[in-house]
Amino acid sequence: MAHIPHLRRYARALVRHEIEADDLVQDTLERALRKFSLWKQGTNLRTWLFSVMHNVHINQVRSKRDLETLDEDMDVLVGGRQEEGLKIRDLSASLLALPLEQREVLLLVGLENLSYEEVAQALEIPLGTVMSRLSRGRERLRSLLDGCPVKPNLKVVI
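The rules behind the values
Residues numbered from 1 in each chain as written. Predicted model: local features only at pLDDT ≥ 70, side-chain atom pairs only at ≥ 80, totals over all residues. Heavy atoms only, no water. Helix = DSSP H or I, 4+ residues; strand = E, 2+ residues; numbered from the N terminus. Contact = heavy atoms within 4.5 Å. Areas by Shrake-Rupley, 256 points an atom, 1.4 Å probe, with all protein chains shown as cover. Axes fitted to C-alpha atoms, helices over the stretch in contact; angles between N-to-C directions. Parallel < 35°, antiparallel > 145°, perpendicular 65-115°, else oblique. Nonpolar A, V, L, I, M, F, W, Y, C, P; charged D, E, K, R; others polar. Salt bridge = Lys/Arg side-chain N within 4 Å of Asp/Glu carboxyl O. Buried < 20%, exposed > 50% of the residue type's maximum accessible area, 1.4 Å probe, protein only. Core = buried A, V, L, I, M, F, W, Y, C linked by side-chain atoms within 4.5 Å. pLDDT = per-residue confidence, 0-100. 1 Å grid on protein atoms, 1.4 Å probe; cavity = no way out; pocket = protein on both sides within 12 Å on 5 of 7 lines; lining within 4 Å. Points joined across faces, edges and corners; volume = space filled by probe spheres on them. Expected span 1.5 Å × (residues − 1). Arc of directions from axis to C-beta.

(A) Focus on the overall build of the protein chain. Scanning the protein chain for helices and strands turns up seven helices and zero strands. The N-to-C order of helical and strand elements in the protein chain reads α-α-α-α-α-α-α. Long-range pairs, those at least 24 residues apart, make up 51% of the contacts in the protein chain between residues at least 6 apart in sequence. With the model as given, the accessible surface of the protein chain reaches about 11,900 Å², and the carbon-plus-sulfur share is 56%.

(B) Molecular detail of the packing of helix α6 (residues 116–123) against helix α7 (residues 127–145). At a minimum axis distance of 9 Å, the contact between α6 and α7 shows a crossing angle of 105°. It follows that α6 is roughly perpendicular to α7 by the angle criterion. Residues Y116, E117, V119 and A120 of α6 touch α7, and the partners they reach there are L127, V130, M131, L134 and R138. Broken down by class, the residue content of the contact of α6 with α7 amounts to seven nonpolar, no polar and two charged.

(C) Focus on the packing of helix α5 (residues 100–111) against α7. Orientation of α5 relative to α7, taken along the N-to-C sense of each, is 95°, at an axis distance of 8 Å. By the angle between their axes, α5 is roughly perpendicular relative to α7. Across the interface between the two elements, E101, Q102, V105, L106 and V109 of α5 pack against V130, R133, L134, R136, G137, R138, R140 and L141 of α7.

(D) Fine view of the pattern of salt bridges. Applying the stated criterion to the full structure yields four salt bridges. D22 serves as the salt-bridge partner of R8, at 2.9 Å between the closest nitrogen and oxygen. Of the two residues, R8 sits in helix α1 (residues 4–15) while D22 sits in helix α2 (residues 18–34), which places them 14 residues apart along the sequence. Judged by relative accessible area, D22 falls into the partly exposed class, the value being 29%. One salt bridge in this structure joins E18 and R12, with 3.3 Å as the shortest N-O distance. Of the residues examined, E18 reaches a relative accessible area of 49% and is grouped as partly exposed.

(E) Seen up close, the nonpolar core. Judged by nonpolar contacts, the single largest core of 13 residues is most densely connected at L7, A11, L24, V25, W48, L49 and M53. Among the elements that make up this core, the one with the highest residue count is helix α3 (residues 45–78) (five residues). Contacts of A11, omitting those with residues within four sequence positions, involve R16, A21, L24, V25 and M53. If you look at the next biggest cluster of nonpolar residues, it comprises twelve residues, including L98, V105, A120 and V130.

(F) Seen up close, the confidence of the model for the protein chain. The predicted model of the protein chain has a mean per-residue pLDDT of 81, with 84% of residues at 70 or higher. The least confident element of the protein chain, judged by mean pLDDT, is α3 at 72; the most confident is α7 at 93. Confidence drops under a pLDDT of 50 for residues 73–78, and excluding neighbours within four residues, the segment shows two contacts in the predicted structure.

(G) Region of interest: the layout of surface pockets. In this structure, the largest pocket occupies an estimated 200 Å³ of space. Elements that contribute at least two residues to the lining of the largest pocket include exactly α2 and α3. Of the residues in the lining of the largest pocket, the class split is three nonpolar, two polar and four charged.

(H) Focus on α2. The terminal C-alpha atoms of α2 lie 24 Å apart, and with 17 residues this matches the ideal 24 Å at 1.5 Å per residue to within 8%. Those residues of α2 that sit buried are A21, L24, V25, T28 and A32. Considered in projection along α2, the buried side chains sweep an arc of 100° and stay on one side of the axis. Turned more than 90 degrees away from the buried face of α2 sit I19, Q26, L33 and R34, all of them exposed.

Written as structure tokens, this is what we have:
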């Protein structure tokens, strides 16, 4: 226990982040307990613990570097991750730009896979209204995704 403050100070110097330093100390102590039979009695325990920490840290750095390399390799093989993310972001923004009644019908038909009749029942609207909202919603969504601003439908209620 007396060596823990020293290990924490060394860990902070190695990783420069408090939480990661605490994790490193914990990993070091865990390994030290598992490998305690390797410590030679009569030698400096604190020095041995620093050695264990150094080795744990080097292993973590190597492992992290290997994972980053593997991730980069996977990016090359898989590709398109950023583009897919942008498409999803654009789709979400475009869906939110739709009027609520069109968005509801589009999501119930397209995402929830409900039939037109089921959507009409769920929203308590006529079947023809479902079909017209779906048609207008799809067209508006296409325009928004193509980058064409669509004028909002203004309804005057008297």
